[in-house]
Each structure stands twice: as C-alpha cells, then as structure tokens.
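# Architecture at a glance
So you can see what is in the structure, the chains are spelled out below.
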Amino acid sequence: MISTSLITYNRLKLNRYFIETYNQNIPKEDTELIVVDNHSIDGTVEYLKEQHKLDNIQKLILNDQNYGLGKAANQGFEISDPRTMYVSKFDNDFAINMGYFENLLSVIEVTKAECIIVCKLERMQSFDEHWVREINGVKFQERPREIGGCFFIRNDFRIQHNIRMNEMLFEPGYAGPNAEFFEDTRNHGGRTVRLMSPCITRKYERYSDPEHYEYYKEVFAARGLLHTLPRFINREKAGGTN
C-alpha cells in the first residue's frame, strides 16, 4: 500500500490538474490519495468534496484555518491506511507523469531506501551524474545533495523513530519543514535516494497572474521575502520561468 498526501491551499487550477493527472496515471489498487486542505477560499473546497464523492480522493481533511505545510502533512500521515508501506507529502503545483508510479515501485524494490525524494524533470540538469544509477531503465540518484518538497518515507521507519514534519508556521528566516524532516531521517540511519526520469513536472504559474499574485504575496511576506517578489515578476517578463 502506498499513500499519497496532497496539501492544498487555494490555487484551484493547480489542485484540479494534480488530481486529474494522479487519477489518470496511478492505479487505485493498493494506493490511496489523501488531501489535506488548509482552509482554501477559492472554490477548492467544493471541488475537493466533489472529487471525494467520486472516489478520486479516498480521504479528505478540511481544516478550519491555514495550519501550514508541516501540520497538514502530519495530518495526512496519521490517517493513512495501516497497511501503508510508504507515506508521502506532495505540494499542489506538480503533475504526475505517465510511468512515474512504476518507476517509484522499481526504485523501492532495488534500493530498499527509507526515504525517496521525488525528482522534478526540470531540475535533472543540476544533478551530479557521479551518483546516478540506472537499473532496468529506471534512474535514481544515490546521494542527493538537494532536498525536495515531494517525498515518500517508509511508514514503519517513520513510526518507529517518531519522524514528523515541523509544525512551525512560516516566518522570516524559516525556509520550511522539509530540511529538518530529511535531516531527522538521516540522523536515524535512513537511506535517502532521489527518483529520476520519468517522474513529475512542476506546473509553473505566472507570478504576475492575478489568480496567483495574492498567494505569492502572502507566502513571500510570511518568509520575510516580500521585497524579492518584484524580481521574480521582472524575470518572468524577461522570459524566465522561476
């Protein structure tokens, strides 16, 4: 059993795209999709309820306020199926590509890793090829230096060592809970690898798009980085992506 937890907070278009690609490319046998929503107000909640009724989402938590990434991820972990071998945390700005699930299972079988970080196709050029292995056509990186926002962790290992996401909310100088989570995993002897191509694609949305600007404004402000937002908008206007 593999359990995928999607964390949502507004950005309905991206939530819809993730759930659609997940259901197109992931078999429902021995898998479950858990969605934890942090009090979206843009129609996301209504969409998630509809998808839950259609069984495109197996479990749904609707929070009454924005508790942040860490707490939402822990909520998803805690309600995962008791048979779950790996639990995961995904942000909502990704799309599941064809072949992803089969490659995930292959990497699990070959490496027996406690933690598998999910590769974004756009970032593959930055990987140190020295640590890349390929078995039966599946690529993975053995010593990933870069941490990521989407990952799977072996559930019995997580429970045994009480590994949880930090539930601290974003504030100036705090980059988020992922770095501490991976460090805790390594400190308990967990082996980490990175699943490579084909995998997932990040759906970059326009920083200046009115649909997303208020979201980015809130996130950047919470991190003490609001002054950098114009730089991303200007880079986008010049033809950059992120």
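Cut-offs applied
Residues numbered from 1 in each chain as written. Predicted model: local features only at pLDDT ≥ 70, side-chain atom pairs only at ≥ 80, totals over all residues. Heavy atoms only, no water. Core = buried A, V, L, I, M, F, W, Y, C linked by side-chain atoms within 4.5 Å. Buried < 20%, exposed > 50% of the residue type's maximum accessible area, 1.4 Å probe, protein only. Helix = DSSP H or I, 4+ residues; strand = E, 2+ residues; numbered from the N terminus. pLDDT = per-residue confidence, 0-100. Phe/Tyr/Trp six-rings, centres within 6.5 Å; stacked < 30°, edge-to-face > 60°. Lys NZ or Arg CZ within 6 Å of the ring centre and 35° of its normal. 1 Å grid on protein atoms, 1.4 Å probe; cavity = no way out; pocket = protein on both sides within 12 Å on 5 of 7 lines; lining within 4 Å. Points joined across faces, edges and corners; volume = space filled by probe spheres on them. Nonpolar A, V, L, I, M, F, W, Y, C, P; charged D, E, K, R; others polar.

This part covers the nonpolar core. One finds Phe 18, Phe 90, Tyr 100, Leu 104, Ile 116 and Phe 152 to be the most contacted residues of the largest nonpolar core, which totals 28 residues. Take this core: its biggest share by element is five residues, from helix H4 (residues 100-111). Membership of the second largest hydrophobic core comes to 17 residues, among which are Ala 72, Val 87, Phe 181 and Phe 182.

Taken over all residues, the pLDDT of the chain has a mean of 79, while the share at 70 or more is 74%. Averaged pLDDT values for the elements of the chain fall to 62 in strand E8 (residues 138-141) and rise to 98 in strand E3 (residues 59-62).

Moving on, we come to unusual backbone geometry. Of note, Asp 30 is a non-glycine position whose phi angle comes to about 60°, a positive value. The residue Asp 30 is located in the loop between helix H1 (12-25) and strand E2 (31-37) in this model. Since its relative accessible area comes to 52%, Asp 30 is described here as exposed. The phi dihedral of Lys 112 falls on the positive side, at around 55°, and the residue is not glycine. Considering the arrangement of structural elements, one finds Lys 112 in the loop between H4 and strand E6 (115-120). Note on Lys 112: relative accessible area 55%, which makes it exposed.

On to the packing of aromatic side chains. Per the counting criterion, the structure on display carries seven aromatic pairs. A ring pair is formed by Phe 151 and Phe 182, whose centres lie 5.2 Å apart and whose planes are at 75°; its orientation type is edge-to-face. Here Phe 182 lies in helix H6 (residues 178-187) and Phe 151 lies in strand E9 (residues 151-154), a separation of 31 residues in the sequence. Residue Phe 151 is classed as buried on the basis of its relative accessible area of 0%. Aromatic rings pair up to connect Phe 18, Tyr 22, Phe 90 and Phe 152 into one cluster. Of note, Lys 71 hangs over the ring of Tyr 67, and the distance from its end group to the ring centre comes to 5.4 Å.

Take empty space enclosed by the protein next. Summed over the entire model, instances satisfying the criterion amount to one cavity of 30 Å³ or more. Its boundaries defined by the atoms lining it, the largest cavity holds a volume of some 60 Å³. If you trace the largest cavity, you find it lined by Ile 2, Thr 4, Tyr 22, Ile 26, Thr 31, Phe 90, Ile 96, Tyr 100, Phe 101, Leu 104 and Phe 152. If you list the elements that add at least two residues to the lining of the largest cavity, you get strand E1 (2-8) and H4. A class-by-class count of the residues in the lining of the largest cavity yields nine nonpolar, two polar and no charged.

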